[in-house]
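These are the residues of each chain, in order.
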Amino acid sequence: MTGHLDDDAELYPLGVLDDVAARAVERHIASCRTCAERVTQAGLVAASLASTLPAAQPSPALARRLNDAVRPQTDDGARRPKSMFAGFALAAAFALASIGLGWRMLDLHSRLAADDLALVTLVHSHFNHVSMTPESANPVAAKVLYARDGSWVYIIADQPRGTLHVVTRTAAAGGDAGILVGSGRTATLLLRPVARIESLSLQRDGTDVASARLAYEGRR
Amino acid sequence: MDALVEDFAARRPSGLESAYALWSSAFISVARHALSDRALAEDCVHDALLRVWRAPNRFAGNRAMLKAYLVASVRNESLSMLRGQSRRDARELKAVRLMPESDNDPPAVDPVESERVRAALARLPEEQRAALELAYYGNKTHVQISQALGVPLGTIKSRIAMAMRKLQTELAVPEEARR
């Protein structure tokens, strides 16, 4: 294609073009920065139009499906039964509330699917928990729940500000394990480490704001 | 670069999870607008987000652009599903649903931004606004709009494109600056 796109650049983000025209736009903007910028700006307008639509909320199951799809298997390479893997975060959250930590932010009634209930008993008998130690002038209140065999670690922070990275250390290595994902007043992250995590910290802008050591009994 | 955008572009799971945590309401609202079936709408969001996340090299921009990109991806996916379903079932497309205005309608995804956008839409010339509303709120293709309004296809495309350019200008100016 020579020259630049016609009105199709503004129509593309609205989804009104037929497949042939839409593919032509995609091919063109792959090599034309001017038209790519036009499509981007039109896309921002289309996103603004979305703000006028009636609000809706996805079911908790959708978040779990996405999590299932993108989280790599890091233990023995074998995928656990889907419902069990997907239920760990919610089950751990339920356990956190039920042992009296007193945080009001867990809207468990809406978040806990019926098929997760059976996991609560399982999690209760297999996890430890520890409060994280504040490490800066602007700390974050956070807890860590973790399996007694070290196979999963669940970090939950109350009213976090900014992006919090979880940095883990094992006997052999350490590194950034991901960021806490916000949901209402809390942010959480579920890890499935290959090796036992001996300690972890939360970092904001590269500075530790909370840390914890994890204790285990016996060998994994 | 914004940590969220960086994580997303690097295909880190946290990038997708953070984007979903921030904008899931917008994603599902866009999908539900085209697909009345809740399960189908969630399949649409799931498929669209994963496809984009797995091809992150196609995205480069800031956080607002990422949101726009993802919302557009969900919308395109939902319209593809709607039109595919229509072809398979030989059914009519859903009845045109214009912008919700009734007091009985549920609140908008973003009430503040919604008011700003509605005001900007209201300032468009009538023929441009009608074409844009059929496109966005009516989920119609440009060909369908041309047929529905009895106006040549090229004219419809021009009206929609001009409406989009005007909205781009209008929405770039804070509402307070107009008063």
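Check the entry above for the structure.
The residue count restarts for each chain, going from 1 along the sequence in the order it is written. Going through the entries in the order they are written, you letter the chains from A and number the ligands from 1. Selection of residues for local features in this predicted model requires a pLDDT of at least 70, selection of side-chain atom pairs for listing and counting requires 80 or more, and totals for whole chains, interfaces and linings are taken over all residues. The basis for the side-chain values is all heavy atoms of the structure; hydrogens and waters are excluded.

Examining the overall build of chain A
And step 1. Every helix listed is a DSSP run of H or I at least four residues long, and every strand listed is a run of E at least two residues long, numbered separately from the N terminus. Helix and strand counts for chain A come out as seven helices and ten strands.
And step 2. When a residue's accessible area, from a 1.4 Å probe over protein chains only, is under 20% of the maximum for its type it is buried; when over 50% it is exposed; and in between it is partly exposed. Taken across its 220 residues, chain A has 50% of its residues classed as buried.
And step 3. As displayed, chain A offers around 10,300 Å² of accessible surface, 52% of which is attributable to carbon and sulfur atoms. Using a 1.4 Å probe, the Shrake-Rupley method yields the accessible areas, and only the shown protein chains count as cover for residues.

Details of the interface of chain B and chain A
And step 1. Of the residues lining the interface, 61 residues belong to chain B; the matching set on chain A comes to 49 residues.
And step 2. Here the quantity called buried area is the accessible surface, traced with a 1.4 Å probe, that two parts lose on coming together, added over both. Across the chain B/chain A interface, buried area totals approximately 4,800 Å², and carbon plus sulfur atoms make up 64% of it.
And step 3. A pairing counts as a salt bridge when a side-chain nitrogen of Lys or Arg comes within 4 Å of a carboxyl oxygen of Asp or Glu. At the boundary of chain B and chain A, one finds four salt bridges.
And step 4. When the shortest N-O distance is used, the salt bridge between Lys-157 of chain B and Asp-8 of chain A registers 2.8 Å.
And step 5. Whenever a nitrogen or oxygen atom comes within 3.5 Å of another N or O atom, the pair is scored as a polar contact, on the condition that within protein one atom can donate a hydrogen and the other can accept it, and that pairs from neighbouring residues in sequence are kept only if both atoms are in side chains. Linking chain B with chain A are 16 residue pairs in polar contact (both at pLDDT 80 or more), by the criterion used here.
And step 6. Of all elements in the fold, only α1 (3-9), α2 (13-34), α3 (38-54), α4 (63-89), α5 (111-122), α6 (126-136) and α8 (153-172) of chain B reach the threshold of two or more residues within the side of chain B that touches chain A.
And step 7. For the side of chain B that touches chain A, the element with the highest residue contribution is α2 of chain B, accounting for 14 residues.
And step 8. Across the side of chain B that touches chain A, the residue classes break down as 33 nonpolar, 13 polar and 15 charged. Residues are treated as being in contact if the distance between any of their heavy atoms lies within 4.5 Å. In this count, Pro and Cys sit with the nonpolar residues alongside Ala, Val, Leu, Ile, Met, Phe, Trp and Tyr, while Asp, Glu, Lys and Arg are called charged and the others, Gly among them, polar.

Topic: the packing of helix α4 (residues 60-70) of chain A against α2 of chain B
And step 1. A fitted line through C-alpha atoms serves as each axis, taken over the contacting stretch for helices, and the angle formed by two N-to-C directions is quoted from 0 to 180°. Orientation of α4 of chain A relative to α2 of chain B, taken along the N-to-C sense of each, is 165 degrees, at an axis distance of 10 Å. Here α2 of chain B runs roughly antiparallel to α4 of chain A, going by the angle between their axes. As α4 of chain A runs across α2 of chain B, the sense of the crossing is right-handed. Here Leu-62, Ala-63, Leu-66, Asn-67 and Val-70 of chain A of α4 of chain A come into contact with α2 of chain B, specifically with Pro-13, Leu-16, Glu-17 and Tyr-20 of chain B. Any angle from 65 to 115 degrees is called roughly perpendicular, while one under 35 is roughly parallel, one over 145 is roughly antiparallel, and all others are oblique. Whether a crossing is left-handed or right-handed is set by the direction in which the near helix is turned from the far one by less than a right angle, anticlockwise for left-handed and clockwise for right-handed.

A look at unusual backbone geometry
And step 1. Despite not being glycine, Asp-205 of chain A has its phi angle at roughly 55 degrees, a positive value.
And step 2. By the secondary structure assignment, Asp-205 of chain A is in the loop between β9 (199-204) and β10 (207-213).
And step 3. Despite not being glycine, Arg-11 of chain B has its phi angle at roughly 65 degrees, a positive value.

Describing the pairing of strand β8 (residues 186-191) of chain A
Residue and element names in this part refer to chain A.
And step 1. Most of β8 is tucked away: six of the six residues are buried.
And step 2. Of the two faces of β8, the one carrying Thr-186, Thr-188 and Leu-190 and the one carrying Ala-187, Leu-189 and Leu-191 are both buried.
And step 3. The pairing of strand β4 (residues 153-158) with β8 spans six bridges and is classified as antiparallel. The residue bridging Val-153 from the neighbouring strand is Leu-191, located in β8. Only strands joined by at least two bridges in the DSSP assignment are considered to pair.

Section: the nonpolar core
And step 1. Here, the term nonpolar core denotes a set of buried Ala, Val, Leu, Ile, Met, Phe, Trp, Tyr and Cys residues that are joined through side-chain atoms within 4.5 Å. Leu-132 and Ile-160 of chain B are the most contacted members of the largest nonpolar core, which has 70 residues in total.
And step 2. Excluding residues within four positions of it along the chain, Leu-132 of chain B makes contact with Leu-14 and Leu-49 of chain A together with Leu-121, Leu-124, Tyr-137, Ile-160, Ala-163, Met-164 and Leu-167 of chain B.
And step 3. Core analysis: the next-biggest nonpolar cluster, separate from the first, contains 22 residues, Met-132, Ala-157, Leu-164 and Tyr-216 of chain A among them.

So, the pairing of β10 of chain A
Within a regular beta strand, the side chains point alternately toward one face of the sheet and then the other, so they alternate between its two faces.
Residue and element names in this part refer to chain A.
And step 1. As paired strands, strand β2 (residues 133-134) and β10 are joined by two bridges and run antiparallel to one another. Bridged to Pro-134 within β10 is Ala-210.
And step 2. Between the antiparallel neighbours β9 and β10 lie two residues, among them Asp-205 with a positive phi of about 55 degrees.

Some thoughts on α3 of chain B
And step 1. In this model α3 of chain B runs 24 Å from its N-terminal to its C-terminal C-alpha over 17 residues, within 8% of the 24 Å that 1.5 Å per residue would give.
And step 2. Backbone nitrogen of Ala-39 of chain B and a side-chain oxygen of the N-cap are separated by 3.2 Å at the start of α3 of chain B; the cap is Asp-37 of chain B. What a helix should span is 1.5 Å times the count of its residues minus one.

Side note on the sheet that holds β10 of chain A
Sheet strands line up and pair through hydrogen bonds in the backbone, either parallel or antiparallel.
Residues and elements named next belong to chain A.
And step 1. One open sheet holds the five strands; their spatial order is β2-β10-β9-β5-β6, and the pairing between them is antiparallel. The sheet is open, and its two edges are formed by β2 and β6 (174-179), each paired on a single side.
And step 2. As paired strands, strand β5 (residues 165-169) and β6 are joined by five bridges and run antiparallel to one another. By the bridge assignment, Val-166 is partnered in β6 with Gly-178.

Structural notes on the packing of aromatic side chains
Aromatic ring pairs are defined here through the distance separating the ring centres and the angle between the ring planes.
Residues and elements named next belong to chain A.
And step 1. Classification of ring pairs uses Phe, Tyr and Trp, with its six-membered ring standing for Trp, and accepts pairs whose centres are within 6.5 Å; under 30 degrees between planes counts as stacked, over 60 as edge-to-face, and the remaining range as tilted. Throughout the structure, instances matching the rule amount to two aromatic pairs over all chains.
And step 2. Both rings, one in Tyr-146 and one in Tyr-216, keep their centres 5.4 Å apart while their planes meet at 75 degrees; by these two values the pair is edge-to-face. With a gap of 70 residues between them, Tyr-146 in strand β3 (residues 141-147) and Tyr-216 in the segment after β10 connect regions that are remote in the sequence. An identical accessibility class is assigned to Tyr-146 and Tyr-216; each is buried.

Brief notes about helix α7 (residues 142-149) of chain B
And step 1. Listed as buried for α7 of chain B are His-142, Ile-145 and Ser-146 of chain B. What you see down the axis of α7 of chain B is that its buried residues fit within an arc of 100 degrees, all on one side. The exposed residues of α7 of chain B that point more than 90 degrees off its buried face are Gln-147 and Ala-148 of chain B.
And step 2. Looking at the buried side of α7 of chain B, the elements it contacts are α1 (8-11) of chain A together with α6 and α8 of chain B.
And step 3. One or two residues past the end of α7 of chain B sits Gly-150 of chain B, with phi positive at roughly 65 degrees. Working definition: the arc comes from the directions between the helix axis and the C-beta atoms, pointing outward to the latter.

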